[in-house]
Amino acid sequence: MKIMHEVPLALYSTMRLGGKANYLVHVRGKEELLDALDWADRRELSVLMIGSGSNIIWRDEGFNGLVVVNEFPGYEVTNEDDKDYFIRVGAGENWDGVVARSVADNASGIEALSLIPGTAGATPVQNVGAYGQEISQTLDSVEAYDRETRNFIILSNKECGFNYRSSIFNTTAKGRYFITYLNFHLYRTHMQPPFYSSLQDYLSQRNITNYSPQNIRKAVYEIRTSKLPDPAKIANNGSFFANPVIDQDAFNELAARYPDIKHWPTNDGKYKLSAAWLIEKAGFKDMHDHETGMATWFSQPLILVNESAKTTNDLMIFKKKIVDIVQEIFNVTLSQEPELLP
Ligand SMILES: Cc1cc2nc3c(=O)[nH]c(=O)nc-3n(C[C@H](O)[C@H](O)[C@H](O)COP(=O)(O)OP(=O)(O)OC[C@H]3O[C@@H](n4cnc5c(N)ncnc54)[C@H](O)[C@@H]3O)c2cc1C
């Protein structure tokens, strides 16, 4: 175990901003994790676990404690037959690598989650989802270290409390569990229509009616690479704002003023608005802000890109410009998706 001192946290966020961590360690197994926690305990340091930083933004003040980077490896097929396919995956595995391997083994259930950046272990935290699939649909259980009881435990799918982009890991039990392994139950049956509209368009345009995991992965891969910046090359955190949800009265008022407002009715009688539509209408599409060095991505204004920003404060100034103008024009409050840490 090698504990590093005074580590620039910009290296551990795909937005490439933020201060330093007092201490940082990479852990590849349970023993290393326990050693690191023991080391931090003896110094009374706070501890944070991260994956590959694609959903976090570090404050300029940095983190006065120990950052533990989860690199637990492992991809084990625990059982399979002509109907089912079970895997146990190390939390530190690259998520897209896990998807690629399951697809190569003809298993379905996570193929639409292709190319989502980050580690496997972070996927339950915000119940990662895309193109009609969510991790909660196939995740059997989560293995984790419980910092409260100081034991390694297993949480069933139900105990994870999954919801849209949320779970106990980012709400009620935030910071309590360090996720070590994931157990998935995948299937031999294929995804079936109706598909998410851009996926359906892709398939229809190419007359693809064989919805094998390979074909769906290829489709999602091509759709995503055509419209999203690769965080390895362009600093960004994916969608920076969540789609806001408003009530019927607020929606009626907005729809009267903007008949083309992009929206989706929710199950509880409310309306989810497209944050990208609001930002674009507010004049922020492909916007390059010279004051802060931040920009919106040309094909998806929901993605904020760090072109030459120096600090997280620059990003926050740019964010405020967008939030304020959307509030002023539409009376809708945008909320940030990536987590500001610590
Ligand atoms: C270009 C781009 C596109 C994206 N597209 C999508 C998308 O389509 N759908 C979607 O849902 N998300 C998307 N995201 C967000 C991101 O990819 C996911 O949230 C991903 O799961 C984050 O993984 P990570 O390893 O980078 O986690 P990190 O950013 O390192 O951490 C995220 C959170 O999880 C916690 N955490 C991480 N690992 C562990 C662990 N082992 N145990 C306990 N807590 C942990 C951290 O403390 C932090 O709170 C996108 C991001 C980018 C940059």
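Here, residues in each chain are numbered from 1, in the same order as that chain's written sequence. Restriction of local features to residues with pLDDT of at least 70 applies here, the model being predicted, together with a cutoff of 80 or more for giving and counting side-chain atom pairs; totals for whole chains, interfaces and linings are based on all residues. Only heavy atoms go into the side-chain values, all of them from the structure, while hydrogens and water stay out.

Peer 1: Got a minute to help me understand the domain arrangement of the chain in this structure?
Peer 2: Accessible area lost on assembly of the parts is the figure often given for the size of an interface. Domain start and stop positions are those given by an automatic or database domain assignment. Partitioning the chain into structural domains gives domain 1 (4-70), domain 2 (75-227) and domain 3 (236-341). Facing 15 residues of domain 1, the contacting portion of domain 3 comprises 17 residues. Simply put, the buried area is the total loss of 1.4 Å probe accessible area from both parts when two parts are fitted together. Interface area, domain 1 with domain 3, both sides summed: about 1,400 Å², of which 54% is carbon and sulfur. It is Met15, Leu17 and Ile57 in domain 1 that bury the most area against domain 3; as a group they hold 48% of the surface buried on that side. Salt bridges are counted wherever a side-chain nitrogen of Lys or Arg sits within 4 Å of a carboxyl oxygen of Asp or Glu. Inspection of the region where domain 1 meets domain 3 yields zero salt bridges. Under this definition, polar contacts are N or O atom pairs within 3.5 Å; protein pairs additionally need one hydrogen-donor-capable and one acceptor-capable atom, and for neighbouring residues in sequence, both atoms have to be side-chain atoms. There are twelve residue pairs in polar contact (both at pLDDT 80 or more) connecting domain 1 and domain 3. Looking at the side of domain 1 that touches domain 3 element by element, the count peaks at three residues for strand β4 (residues 56-58). Gly is put with the polar residues, along with every residue not named as nonpolar or charged; the nonpolar set is Ala, Val, Leu, Ile, Met, Phe, Trp, Tyr, Cys and Pro, and the charged set is Asp, Glu, Lys and Arg. For the side of domain 1 that touches domain 3, the class distribution of residues is six nonpolar, six polar and three charged. Residues are treated as being in contact if the distance between any of their heavy atoms lies within 4.5 Å. The helix count covers DSSP runs of H or I at least four residues long, the strand count covers runs of E at least two residues long, and both are numbered beginning at the N terminus.

Peer 1: Before we go on, may I ask you to explain the packing of helix α2 (residues 95-104) against helix α4 (residues 213-227) in this structure?
Peer 2: Packed helices, taken two at a time, are described by their axes: the angle between them and the distance between them. Packing of α2 against α4 leaves a shortest axis separation of 9 Å and a crossing angle of 150 degrees. Overall, the two elements α2 and α4 adopt an arrangement that is roughly antiparallel. The hand of the α2/α4 crossing is left-handed. Contact residues: Asp96, Val99, Ala100 and Val103 in α2; Pro213, Gln214, Arg217 and Tyr221 in α4. Its residues assigned to classes, the contact of α2 with α4 shows five nonpolar, one polar and two charged. Axes here refer to lines fitted to C-alpha atoms; in helices the fit is confined to the stretch in contact. Angles between the N-to-C directions go from 0 to 180 degrees. Roughly parallel means an angle under 35 degrees; roughly antiparallel means over 145; roughly perpendicular covers 65 to 115; every other angle is labelled oblique. Crossings are sorted by hand: turned counterclockwise from the far helix by less than a right angle, the near helix makes the crossing left-handed, and turned clockwise it makes it right-handed.

Peer 1: Whenever I open this one, the sheet that holds strand β3 (residues 46-50) confuses me. Can you help?
Peer 2: One requirement defines pairing of two strands: DSSP has to find at least two bridges between them. Read from one edge of the open sheet, four strands run β1-β2-β5-β3, paired in mixed fashion. This sheet does not close on itself; its edge strands, each paired only once, are β1 (4-8) and β3. Between one strand axis and the next, the sheet turns through 40 degrees on average, direction left out of account. Relative to strand β5 (residues 63-70), β3 runs parallel, the two sharing five bridges. The partner of Ser46 across the bridge, within β5, is Gly65. Across the face of the sheet, helix α1 (residues 30-42) comes into contact with β2 (20-27), β3 and β5 while running at roughly 155 degrees to β2.

Peer 1: What exactly am I supposed to notice about the nonpolar core here?
Peer 2: Put simply, a nonpolar core is a bunch of buried Ala, Val, Leu, Ile, Met, Phe, Trp, Tyr and Cys residues held in one set by side-chain atoms that sit within 4.5 Å of each other. Note on classification: 1.4 Å probe, protein chains only; a residue is buried when its accessible area is under 20% of the maximum for its type, exposed when over 50%, partly exposed between these limits. Ranked by size, the top nonpolar core spans 43 residues in total, and within it Trp95, Phe184, Leu199 and Ile216 carry the most contacts. Looking at this core, the elements with two or more residues in it are β7 (84-90), α2, β10 (139-146), β12 (177-187), α3 (197-205) and α4. When residues of this core are assigned to their parent elements, the largest contribution, five residues, is made by β12. Setting aside residues no more than four positions away along its own chain, Phe184 makes contact with Tyr85, Phe86, Ile87, Val89, Trp95, Ile110, Ile135, Thr138, Leu139 and Asp140. Of all hydrophobic cores here, the second largest spans 30 residues; its members include Leu17, Ala309, Phe318 and Val326.

Peer 1: Help me out: how do you make sense of the packing of aromatic side chains in this one?
Peer 2: Geometry of an aromatic ring pair is reported as the spacing of the ring centres plus the angle between the planes. The pairing test for Phe, Tyr and Trp rings, Trp by its six-membered ring, is centres within 6.5 Å, and the orientation test on the planes gives stacked under 30 degrees, edge-to-face over 60, and tilted for anything in between. Counted by the stated rule, this structure contains 14 aromatic pairs. For the ring pair Phe195 and Tyr211, a centre distance of 4.8 Å and an interplane angle of 70 degrees mean the geometry is edge-to-face. Pair noted here: Phe195 is in the loop between β12 and α3 and Tyr211 is in the loop between α3 and α4, with a separation of 16 residues, a long-range link. Considered together, Phe195 and Tyr211 belong to a single accessibility category, that of buried residues. Between the aromatic rings of Tyr258 and Trp277, the centroid separation amounts to 6.2 Å while the plane-to-plane angle is 80 degrees, which identifies the pairing as edge-to-face. Taken together, the residues span a long stretch of sequence, with Tyr258 in the loop between α5 (248-257) and β15 (263-265) and Trp277 in helix α6 (residues 275-281) at a distance of 19 residues. Judged by relative accessible area, which is 22%, Tyr258 ranks as partly exposed.

Peer 1: Explain the site of the ligand here, please?
Peer 2: Around the ligand, the structure places 29 residues, and the nearest of them are Met49, Ser54, Pro117, Thr119 and Glu339. For the ligand, an oxygen atom lies 2.7 Å from a polar atom in the backbone of Pro117. Ile179 is positioned such that a nitrogen or oxygen atom in its backbone is 2.9 Å from a nitrogen atom of the ligand. Listing elements by their share of the shell around the ligand, those giving two or more residues are β3, β8 (129-130), β12 and β13 (236-239). Counted by class, the shell around the ligand contains 13 nonpolar, 13 polar and three charged residues. Throughout, the term near means that a residue has one or more heavy atoms lying within 4 Å of the molecule or strand in question.

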